[in-house]
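Structure assessment
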Amino acid sequence: MAMLKTARECPQGSKPPSGSKSGVRNTSGCVHAADSKTSKGHSHPKQQRISRRRATNGWMPLGTACEKAVYVVNEPEPALRRSYQAVERNGEIIRVRDTVLLKSGPRKKSMPYVAKISALWEEPKTGELMMSLFWYYRPEHTQGGRNPSMHQNEIFASRHQDENSIACIEEKCYVLTFAEYCRFCALVKRRKEGCPNRKALIVPPSEEYCTPIHRRAPDSTDPELVFLCRHVYDFRHGRILKNPQ
């Protein structure tokens, strides 16, 4: 329970600023980032591992690291970093291309922000585990705000790139297309009504045309963790664009 409490203390540094340019960010207020930067390098290896686990809110890298060019704030070009394909905490695995919820503030009622991970990497100076990401915008964070035509779980993709500590990850979520979201809602409704599972009657999809793994929401997923995305938000000009396929 201590790890969950720590995650909820991540400040609003993870909020995508409306109308700002990509990379204009300051995550120095994150308590996890501060802890990792102030830790000393002369402690016992076991203490270092414990300190690192606390600094990342329990998330640990999976697999073998490799050098990869990733987006880094304030760097004019993608920079080479020691990168990983996934991180794990208590059996939950989050991979590159997955979408996650990031804590937006210290209050429990604060809506978490949604982001898609483009890279998982290690900060060379501090060893802190970071992620490059693309922000999704909730209607409340757009210039026009929410209107009645928007679904309650609708969000907008953007080209707003950023970086953040993986310590601010709350949990994994799913962002689906309109057709995928309709199918998911239908399955949820059938389960609530006690209807038999008819998935066996559906022709299995081929590997070429099947839904990407990062958008395959299990039937048992909490509907609050599943979002609909139909459009792109141009955060520089404050307008909603049709989602290019």
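These lines cover the structure that appears in this document, whether it is placed above or below. Note that the structure is predicted; figures quoted are calculated from it, not measured. Here the residue numbering is sequential within each chain, running from 1 through the sequence in written order. With the structure being a predicted model, the display of local features is reserved for residues of pLDDT at least 70 and the display and counting of side-chain atom pairs for 80 or more, all residues being used for whole-chain, interface and lining totals. Just so you know, side-chain values use all the structure's heavy atoms and leave hydrogens and water out.

**Details of the pairing of strand S6 (residues 99-102)**
- The buried label applies to any residue whose accessible area, calculated with a 1.4 Å probe on protein chains only, is under 20% of its type's maximum; exposed applies above 50%, and partly exposed to all values in between. The helix count covers DSSP runs of H or I at least four residues long, the strand count covers runs of E at least two residues long, and both are numbered beginning at the N terminus. Side chains Thr99 and Leu101 project from S6 onto one buried face, and the interleaved Val100 and Leu102 project onto a second face that is buried too.
- By this definition, two strands are paired if DSSP reports at least two bridges between them. Note that S6 and strand S7 (residues 113-122) share four bridges and pair antiparallel. By the bridge assignment, leucine 102 is partnered in S7 with tyrosine 113.
- The sheet contact formed by S6 and strand S11 (residues 169-176) spans four bridges and is antiparallel. For leucine 101, the partnering residue across the bridge sits in S11 and is glutamate 171.

**Digging into unusual backbone geometry**
- The phi dihedral of asparagine 57 falls on the positive side, at around 60°, and the residue is not glycine.
- For asparagine 90, which is not a glycine, the phi torsion comes out positive at approximately 50°.
- Topologically, asparagine 90 is positioned in the loop between strand S4 (86-89) and strand S5 (92-95).
- Its relative accessible area of 65% is what places asparagine 90 among the exposed residues.

**Brief notes about the pattern of salt bridges**
- One side-chain nitrogen of Lys or Arg within 4 Å of one carboxyl oxygen of Asp or Glu is enough to make a salt bridge. According to the stated counting rule, one finds five salt bridges in the structure shown.
- Between arginine 146 and glutamate 140 there is a salt bridge, and its shortest N-O distance comes to 2.8 Å.
- Since its relative accessible area comes to 36%, arginine 146 is described here as partly exposed.
- Judged by relative accessible area, glutamate 140 falls into the partly exposed class, the value being 38%.
- Aspartate 234 is paired through a salt bridge with arginine 239; the nearest N and O atoms lie 3.4 Å apart.
- Taking relative accessible area as the criterion, arginine 239 reaches 47% and is therefore assigned partly exposed.

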